[in-house]
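Chain by chain, the residues run as shown.
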Amino acid sequence: MRGFLHLVLALAIGAFVGWISARLMIENLPLKAVAGNDKWREYDGADELLLPYAVGHFSSRGELPPPNVARYFHRTVDDDGNSLRGECIYEVNGRLLPARWWSMAIANPRGDRSVIAAGDVMRESDGSLILSLAPFPVPGNRLTSPAGSQLTFSYVIQSDTPDAPVASLPALRKVRC
Amino acid sequence: MFRLYWFIVMFVAAIAAHAAHVLFMPGATLEARLEQVLGPGTNSFRILSPAQAVQLLPSASPHDVVGLCRFDLTRGSVQLDASFPRGDWMFLVYTVTGRQAYSLSRTEAGETKFTVELIQAPGLIKDLLALVDDKVADVEDISNAGWRVNVPEANGLALVWVPLSDEIFRKPVEEGLKRTRCHRM
């Protein structure tokens, strides 16, 4: 009887550890920190060994992974390192990477999201972008934040030079809550 | 005392649960989502509504045009006769579990009307049998062919994504894209 209990306990603990490690690795393994800006992380789906984790990162949410001809950047924290919240206003500010096409999205863990693309924004005279993430209308370019905490901000570009080093990515600072 | 072999049992259970979760759960989730968003029907080309497109492609904006053919290769190859717009587009082939089998952009293709044959890639066992039967040449012919995509699974999606800068371009792009055909060969 005691041996049977040990077997059940060992199987249950093992299954839980295996499940939780799989979830964590699917969530984090395909995202590599961007050199020089560790708040941003870039999706890397090219490593054949990590392919099930890379595909699973999106498939497990019922979404298709980004095209191989695109680069996918994402962040979950502002410049101060605090997680992004739906009730706060943030400002995305900076130069964008050279791209044929780009889009930015903000989503909550339930999958509610809003997306803005290259044709939807007005750029500054020097070519940089100022974009507000806010749950209500504000002057200028705005991306409507969904409700909730632990939001994810993503930036996807279609580039002719997908392996080029990343010069700089926009800053994301909290304006107020 | 919790003996060593219980730790071994625990370790083996952890490996099995980890592998099962990584290999099967994401694919099953995506398959269920595809079923929910697209409904039944295979081997025909259709244009998605903005709501459907945004559910499947997290970075697509609501005015992008997305058309797709959900293919089933179990009864043979499927042919896509593409008629894509002149602007930028991405042509992508995914398996039903989300693995990307092929991608092509407008700049890489250089043309907007072409034909793509989707065939199921021979598995490892078929490859080995072909070697035994001295059919290596056939396998090489397939892998060297031009507009032919070897798909590692029998079911999947051939998808064209046209990013647009404005909603007003949506209608003419959709009209042009409707000439694309997807059918069994």
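Note that the structure is predicted; figures quoted are calculated from it, not measured.

Colleague: Please clarify how the sheet that holds strand β9 (residues 141–144) of chain A should be interpreted in this entry.
Modeller: Whenever strands of a sheet pair, they do so through backbone hydrogen bonds, lying parallel or antiparallel. Residue and element names in this part refer to chain A. Here four strands make up an open sheet; going across it, the order is β9-β8-β5-β11 and the pairing mixed. Edge positions in the sheet fall to β9 and β11 (171–176), since each has one partner strand and no second. Averaged over neighbouring strand pairs, the angle between their axes works out to 25 degrees when direction is ignored. With four bridges joining them, strand β8 (residues 129–134) and β9 adopt parallel strand pairing. When the bridges of β9 are listed, Ala134 appears paired with Thr144.

Colleague: What is the right way to read the sheet that holds strand β2 (residues 65–72) of chain B from this model?
Modeller: Residue and element names in this part refer to chain B. Taken together, five strands build an open sheet; the order of strands is β1-β2-β8-β4-β5 and the sheet is antiparallel. Both edges of this open sheet fall to β1 (45–47) and β5 (100–105), since each of them pairs with a single strand only. Mean inter-strand twist for the sheet, computed between neighbouring axes without regard to direction, equals 15 degrees. Here β1 runs beside β2; their pairing, made up of three bridges, is antiparallel. When the sheet's bridge partners are listed, Arg46 is paired in β2 with Leu68.

Colleague: What should I look at first to understand the interface of chain A and chain B in this one?
Modeller: Interfaces are often sized by the amount of accessible area the parts lose when they come together. Taken residue by residue, the interface counts 43 residues in chain A and 44 residues in chain B. Broken down by secondary-structure element, the contributors of at least two residues to the side of chain A that touches chain B are α1 (2–28), α2 (51–59), β6 (101–107), β7 (113–117) and β10 (149–158) of chain A. By residue class, the composition of the side of chain A that touches chain B is 25 nonpolar, 13 polar and five charged.

Colleague: Would you take a moment to explain the pairing of strand β3 (residues 78–83) of chain B for this structure?
Modeller: Side chains on a regular strand alternate between the two faces of the sheet. Residues and elements named next belong to chain B. By the alternation rule, side chains of β3 split into Val78, Leu80 and Ala82, which are all buried, and Gln79, Asp81 and Ser83, of which none is buried. Bridging between β3 and strand β6 (residues 113–120) involves six bridges; their strand directions are antiparallel. From the neighbouring strand, Ala82 faces β6, where its bridge partner is Phe114. In this structure, β3 lies alongside strand β9 (residues 181–184), joined through four bridges in antiparallel fashion. Within the sheet, the bridge partner assigned to Leu80 lies in β9 and is Cys182.

Procedures and definitions
- Residues numbered from 1 in each chain as written.
- Chains lettered and ligands numbered in written order.
- Predicted model: local features only at pLDDT ≥ 70, side-chain atom pairs only at ≥ 80, totals over all residues.
- Pairing = 2+ DSSP bridges.
- Helix = DSSP H or I, 4+ residues; strand = E, 2+ residues; numbered from the N terminus.
- Axes fitted to C-alpha atoms, helices over the stretch in contact; angles between N-to-C directions.
- Contact = placed C-beta atoms within 7 Å.
- Nonpolar A, V, L, I, M, F, W, Y, C, P; charged D, E, K, R; others polar.
- Buried ≥ 20, exposed ≤ 12 C-beta atoms within 10 Å, placed from the backbone.

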